[in-house]
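Survey of secondary and tertiary structure
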Amino acid sequence: MRPDMPADHTTEAERLLRTADQYPEDHEPLLLRAAAHLELAGDRDRAAGLYDTLLASSPDHPHLVKALKAANLWEYGHDAEARAIIDGLRAAAPLDPAPWEIVAETLESHDELEAAHDAFTAALNLLLTPGEDVPYPTHALLIGRHRVRRLLGLAHDDWDGLADQVNRAPVTLDELHDPKRLWALGSDNPAELRAEITRLRAELGSYRSALSRPFPVAVLHWPAAELAELVAAYPPLAAEYPSHEAHLTQLEASLRDLSATGTPNLGIVTATVPSYEAFAASEQSAPTNTTLLPEYATTLAARGRATPWPPARNATCWCASTKPYGACHGAG
C-alpha cells in the first residue's frame, strides 16, 4: 500500500533504513528513498541528516545527493545554504540530467524563474547536441525549460521546438504551460472547463507514465574479462554469449530495436560474475538458467546501476573502448 499519511511515510522510511543495514551494497538508493519519505512526513531535518550521511560515504551519485539536499534545505528555511549548494552544482556542471532537473525545479518552485531558466538552458547546452537523438532522461529538462519560458513570456526557440517533439501528452506544451490556465478554473464557460479537464488528464497521464518507468529498461553488458569468467564457470551460457564481440553487437542491436518500437528510458547495466551468482542464489536457481539474465538486468537497474542509452555521439562509448560512441557502436 502506498503511504498517504505522515506516519505512514515515517514507517516506510524506517523499513528502508533497516533494509539498507541488511544490504549495504544498495544503501545509496535505499537511503535516498528513505529521505524522500521523511520529507513527505515533514521530518526534513532528519532527511538532511541522511543526505549528509550519504555524502560522507562517497556516494556513486554525489551531485544528485547534493541537489536533493539543497531542495530539502530550502523547504525548511535554509535557503542561503541551499543557494550555496546550487551554485556549487552549477559550477561542477554534472553530466547527469537528474541534478540539473532538481536544481532548476527547486529554483522554479521558489519563483526564481530567471535562475531556473538559466539552469535548464545550461544543462541542455551541456548534455545535448542539436541533431542527435534526445535521451529519455533529458526530456524533463526540455519540458521544464519550455514551462519556465512560458511563465516568463519568452518566444519559442529551437530547444522549445525539441520539447514539442518529445512531448508524449495528447495536449500541446503551449496549452499545458499556458500561464492563463488558472483563469479557466474559475470560468463558468463549459467549453473552457472541459478543455481544462482534458489538459489535467494529459498532465496526470504524463506523471503516471513517468512513475510507471522509475528506472530504465536495461540490457546487460558483460565486460570482456567478466564474460570470459562467466562462460568458463558456466559453459552452457556459451550458447547465449558465443563471443564478446557478438555480445556487444547484440547489446546495441537490442537497444536499437527497443528504441524503434517506442520504448523510452533505455539503459545499460554492467554485470559481474559474483553479483550474478549472488542474484541466482537469491532466486534459488542455477546461474545457467538464462531466464535469470533479464531479471538480473532489471534488478541492477532498480538499484540505480543503469547508464542511460544512447550516449551522445561524441561521448565515450558504453563498451569502454575509449572511442566516441559515434565512431564505435553508434556508427551506422
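Before reading further, recall that the structure is shown in the block above.
Residues numbered from 1 in each chain as written. Predicted model: local features only at pLDDT ≥ 70, side-chain atom pairs only at ≥ 80, totals over all residues. Heavy atoms only, no water.

Counting buried positions along strand β2 (residues 266-270) gives four out of five residues, so the element sits mostly inside the fold. In this structure, strand β1 (residues 217-221) lies alongside β2, joined through five bridges in parallel fashion. Residue alanine 218 lies in a different strand from β2, and its bridge partner there is glycine 267. Where β2 and strand β3 (residues 307-309) come together, three bridges link them in antiparallel fashion. The residue of β3 that forms the bridge with leucine 266 is tryptophan 309. (Buried < 20%, exposed > 50% of the residue type's maximum accessible area, 1.4 Å probe, protein only. Helix = DSSP H or I, 4+ residues; strand = E, 2+ residues; numbered from the N terminus. Pairing = 2+ DSSP bridges.)

Okay, the layout of surface pockets next. In this model, the second largest pocket occupies a volume close to 520 Å³. Lining the second largest pocket are 26 residues, and of these Asp133, Val134, Pro135, Ser259 and Pro310 sit closest to its centre. Residue composition of the lining of the second largest pocket, by class: 12 nonpolar, eight polar and six charged. (1 Å grid on protein atoms, 1.4 Å probe; cavity = no way out; pocket = protein on both sides within 12 Å on 5 of 7 lines; lining within 4 Å. Points joined across faces, edges and corners; volume = space filled by probe spheres on them. Nonpolar A, V, L, I, M, F, W, Y, C, P; charged D, E, K, R; others polar.)

Let's shift gears to the environment of asparagine 265. With respect to the element layout, asparagine 265 can be found in the loop between α14 (244-260) and β2. In sequence terms asparagine 265 and tryptophan 309 are 44 residues apart; their C-alpha atoms lie 7.8 Å from each other.

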